[in-house]
Amino acid sequence: MAYGDQVLFPEQALIEVPEADTRRFPGWDGPVLVISIENQGVCAWGVPLDQANPAVLVGGDVVLRTGCPRGTTVYSPDVTAFVAARRWDVSCLERI
């Protein structure tokens, strides 16, 4: 199995809001639709709901370029690029 993350959407709709006590997307100002959560819960991927053509975000315990140990950053420019990258990764990892 190439990935062990838990894909939530479209079977489950989990929306994180800035007011939540614990966030998978710390520092992001708007609501985020969670696409999947890494198998150990360290990070998550999601789509901001307040943008017309949203990028895919990764948030959680990730080290950003600024050295911040927790935060949220753009993972891919859009959902199409995210899906294409995942499909490519799976095709490569399944050959191993």
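Just so you know, the residues in each chain are numbered from 1, in the order the chain's sequence is written. Reporting of local features is limited, given that this is a predicted model, to residues whose pLDDT is at least 70; pairs of side-chain atoms are given and counted only at 80 or more, and all residues count toward the totals for whole chains, interfaces and linings. Remark: hydrogens and water are excluded; side-chain values derive from all non-hydrogen atoms of the structure.

Caption draft 1: Molecular detail of the packing of aromatic side chains. Ring pairs shown here join Phe, Tyr and Trp side chains whose ring centres sit within 6.5 Å, with only the six-membered ring taken for Trp; geometry is labelled stacked below 30 degrees between planes, edge-to-face above 60, and tilted in between. Scanning all chains against the criterion turns up two aromatic pairs. Ring plane angle 75 degrees and centroid distance 6.0 Å describe the contact between W45 and Y75, whose orientation is recorded as edge-to-face. Residue W45 is found in strand β4 (residues 43-48), and its partner Y75 is found in strand β6 (residues 71-76); the two are separated by 30 residues along the sequence. Only protein chains enter the area calculation, which uses a 1.4 Å probe; residues under 20% of their type maximum are buried, those over 50% are exposed, and those in between are partly exposed. Its relative accessible area of 10% is what places W45 among the buried residues. Ring centres of Y75 and F82 lie 5.9 Å apart, and the angle between their planes is 70 degrees; on these two criteria the pair is classed as edge-to-face. Only runs of H or I of at least four residues qualify as helices and only runs of E of at least two qualify as strands under DSSP, and these elements are numbered from the N terminus.

Caption draft 2: Examining a nonpolar patch on the surface more closely. Patch construction takes residues with relative accessible area above 30% that form no salt bridge. Like charges are linked within 9 Å, and nonpolar side chains (Val, Leu, Ile, Met, Phe, Trp, Tyr) are linked within 5 Å. All accessibility values rest on the Shrake-Rupley procedure with a 1.4 Å probe; residue burial counts only the protein chains present in the view. We define a salt bridge as a contact between a side-chain nitrogen of Lys or Arg and a carboxyl oxygen of Asp or Glu at a distance within 4 Å. Nonpolar side chains collect at one region of the surface, where I15, V17 and L49 lie side by side and expose about 240 Å² of accessible area between them. Along the chain, L49 falls in the loop between β4 and β5 (56-60).

Caption draft 3: A look at the pairing of β5. Across the five residues that make up β5, a large majority, five, are buried. Any two strands between which DSSP finds at least two bridges are classified as paired. In this structure, β4 lies alongside β5, joined through four bridges in antiparallel fashion. Within β5, the position partnered with A44 by the bridge is G59. Where β5 meets β6, five bridges bridge the pair, whose relative direction is antiparallel. Following the sheet pairing, L57 is matched in β6 by V74.

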